[in-house]
Amino acid sequence: QAYPYNILYYREGAAATVKVYQDVFGDKTLSIDGFPVAGTTTRHLDAQRSLGNMPLLINQIDSPRLNIIGFGAGGSSWIATLYDTSGIDVVELVPDVIEAARLIPEVNHGVMDDPAVNIITGDGRNYLLLTGRQYDVISVDATSPKSAGSGSLYSLEFYRSCRSHLSENGLMVQWLPYHLMTESDIKMVVRTFQSVFPHATLWYSLTRHYYLLVGTQQGLSLDFERLQTMISEPDIQAELAPMGITDAYDMLACFLMDEATLAAYAAEGALNSDDHPRLEYDPGSTYLNVDEHVRQNLNATRLLRQSAWPYIYNFGAAGATSVKQTLEERMAETPIERFWPQYIE
């Protein structure tokens, strides 16, 4: 009730209640059962562009096959079409979401009608259990771990299923909303994820609204020349530039923790599993404490920030010394307090 919203779409379907509304500033939001999941706000654009671009920028496989779990407003699915892929399968649980997303074409550009994108209506977990396909990239879209049922997309069993459907050099990316989770929640998810993907690393999203967990089958490797070439592509550059990403250094500056530091940060403790869905039920007051969660999580991790330098190879004409120096400078220019000074202690 904060603003006189204009309701553009409303449907009480069998799977969920889906709504698209527009506020007085012109921003559109798509909500599922009352929870905002996608749209044109700054925060939503960060999630969509990060989940669309970062898995494919980090990926080292030519023409990868991609599985996106969760369609939302279709932003990350559309961004994936800007890259050279051998196939894009998108699994969406709520059929009405696809119809509702047509009211947000500025985000998805009509990707639901693109023959290059295979949209599958169904549950993402069950799809992986039943399909015989292998993927080079699996991206789990922005589903809140605190929404009923969504905690299963952060469980031990789900991560194991994802890993079993990844190619030898494939990777998985998990959206991790630090504003909705306590520090203990974050550590539990990291611990659970890393128990399946020992080579997991932690990244900031492009404009630092979220964390992204990246799990690789093998140790992480980052081809600098390849990354620079992809970011220089006009269509990709047009999507990344509004997020402050103009070259490979900007993207690499989103790196937060390597696998050893991440394991030490998460430490030992309980895992989130199907039989013990701790994440979904603890605590129940998460949405009332967003500012406190942001403050707690950013201060707990900011001093642990590391450079992606040890994972980089193929420096091209720039040379290793120049790349290392420029990356150090870019990291110094982008501390988390630059983005969220109000939360840093």
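A few points on the structure. Because the structure is predicted, anything quoted here is derived from the model rather than measured. (Residues numbered from 1 in each chain as written. Predicted model: local features only at pLDDT ≥ 70, side-chain atom pairs only at ≥ 80, totals over all residues. Heavy atoms only, no water.)

## A closer look at the overall build of the chain
Stage number 1. Secondary structure assignment for the chain yields 15 helices and 14 strands.
Stage number 2. Over its C-alpha atoms the chain spans a radius of gyration of 19 Å, differing by no more than 12% from the 20 Å that the globule rule assigns to 345 residues.
Stage number 3. When the 345 residues of the chain are sorted by exposure, 56% land in the buried category.
Stage number 4. Long-range contacts, defined here as pairs at least 24 residues apart, represent 72% of the contacts in the chain between residues at least 6 apart. (Helix = DSSP H or I, 4+ residues; strand = E, 2+ residues; numbered from the N terminus. Rg over C-alpha atoms; globule rule 2.2 N^0.38 Å. Buried < 20%, exposed > 50% of the residue type's maximum accessible area, 1.4 Å probe, protein only. Contact = heavy atoms within 4.5 Å.)

## Comments concerning the packing of aromatic side chains
Stage number 1. Using the criterion set out here, one finds twelve aromatic pairs in the structure.
Stage number 2. For the ring pair Tyr5 and Tyr21, a centre distance of 4.8 Å and an interplane angle of 65° mean the geometry is edge-to-face. With Tyr5 in the segment before strand E1 (6-12) and Tyr21 in strand E2 (residues 17-22), the pair connects residues that are 16 residues apart, well separated along the chain.
Stage number 3. The partly exposed category is assigned to Tyr5, whose relative accessible area is 35%.
Stage number 4. Judged by relative accessible area, Tyr21 falls into the buried class, the value being 13%.
Stage number 5. In this structure an aromatic cluster arises from ring pairing among Phe158, Tyr159, Phe193 and Phe197. (Phe/Tyr/Trp six-rings, centres within 6.5 Å; stacked < 30°, edge-to-face > 60°.)

## So, the nonpolar core
Stage number 1. Membership of the largest hydrophobic core comes to 110 residues, with the highest contact counts inside it found for Met172, Leu176 and Trp203.
Stage number 2. For Leu176, the residues in contact, after removing those within four places along its chain, are Tyr154, Met181, Ile186, Val189, Val190, Leu202, Tyr210, Tyr211 and Leu213. (Core = buried A, V, L, I, M, F, W, Y, C linked by side-chain atoms within 4.5 Å.)

## Side note on the packing of helix H7 (residues 183-196) against helix H11 (residues 259-266)
Stage number 1. Their axes nearest at 9 Å, the elements H7 and H11 cross at an angle of 130°. When the interaxial angle is binned, H7 and H11 end up oblique. Classified by chirality, the crossing of H11 by H7 is left-handed. Seen from H7, the contacting residues are Glu183, Ile186, Lys187, Val190, Arg191 and Gln194; seen from H11, they are Glu259, Leu262, Ala263, Tyr265 and Ala266.
Stage number 2. Residues of the contact of H7 with H11, tallied by class, amount to six nonpolar, one polar and four charged. (Axes fitted to C-alpha atoms, helices over the stretch in contact; angles between N-to-C directions. Parallel < 35°, antiparallel > 145°, perpendicular 65-115°, else oblique. Left-handed = near helix turned anticlockwise from the far one by under 90°. Nonpolar A, V, L, I, M, F, W, Y, C, P; charged D, E, K, R; others polar.)

## A word on the pattern of salt bridges
Stage number 1. Evaluated as defined, the whole model comprises 15 salt bridges.
Stage number 2. The partner of Arg133 in a salt bridge is Asp89, with the nearest N and O atoms 2.6 Å apart. Taken together, the positions of Arg133 in the loop between helix H5 (124-130) and strand E8 (135-140) and Asp89 in strand E6 (residues 87-92) put the pair 44 residues apart, joining distant regions of the chain.
Stage number 3. Overall, the relative accessible area of 36% leaves Arg133 in the partly exposed class.
Stage number 4. We classify Asp89 as buried; its relative accessible area is 1%.
Stage number 5. In this structure, Asp247 engages Arg330 in a salt bridge whose closest nitrogen and oxygen atoms are separated by 2.9 Å. A residue pair is termed long-range when its members are at least 10 positions apart, and Asp247 in the loop between helix H9 (234-240) and helix H10 (248-252) and Arg330 in helix H14 (residues 320-333) qualify at 83 residues. (Salt bridge = Lys/Arg side-chain N within 4 Å of Asp/Glu carboxyl O.)

## Some thoughts on the environment of Leu66
Stage number 1. Mapped onto the elements of the fold, Leu66 is located in strand E5 (residues 65-69).
Stage number 2. With 61 residues separating them along the chain, Leu66 and Tyr5 place their C-alpha atoms 36 Å apart.
Stage number 3. Those residues in contact with Leu66 that lie beyond four places of it in its chain are Leu56, Ala80, Gly87, Ile88, Asp89, Tyr135 and Val137.

## Some remarks on the packing of helix H6 (residues 156-164) against H7
Stage number 1. Closest axis-to-axis distance for the H6/H7 pair is 9 Å, and the angle between their directions is 35°. The element H6 and its partner H7 pack so that their crossing is right-handed. On the side of H6, the interface is formed by Leu156, Tyr159, Arg160 and Arg163, while H7 contributes Val189, Thr192, Phe193, Ser195 and Val196.
Stage number 2. Split by residue class, the contact of H6 with H7 holds five nonpolar, two polar and two charged.

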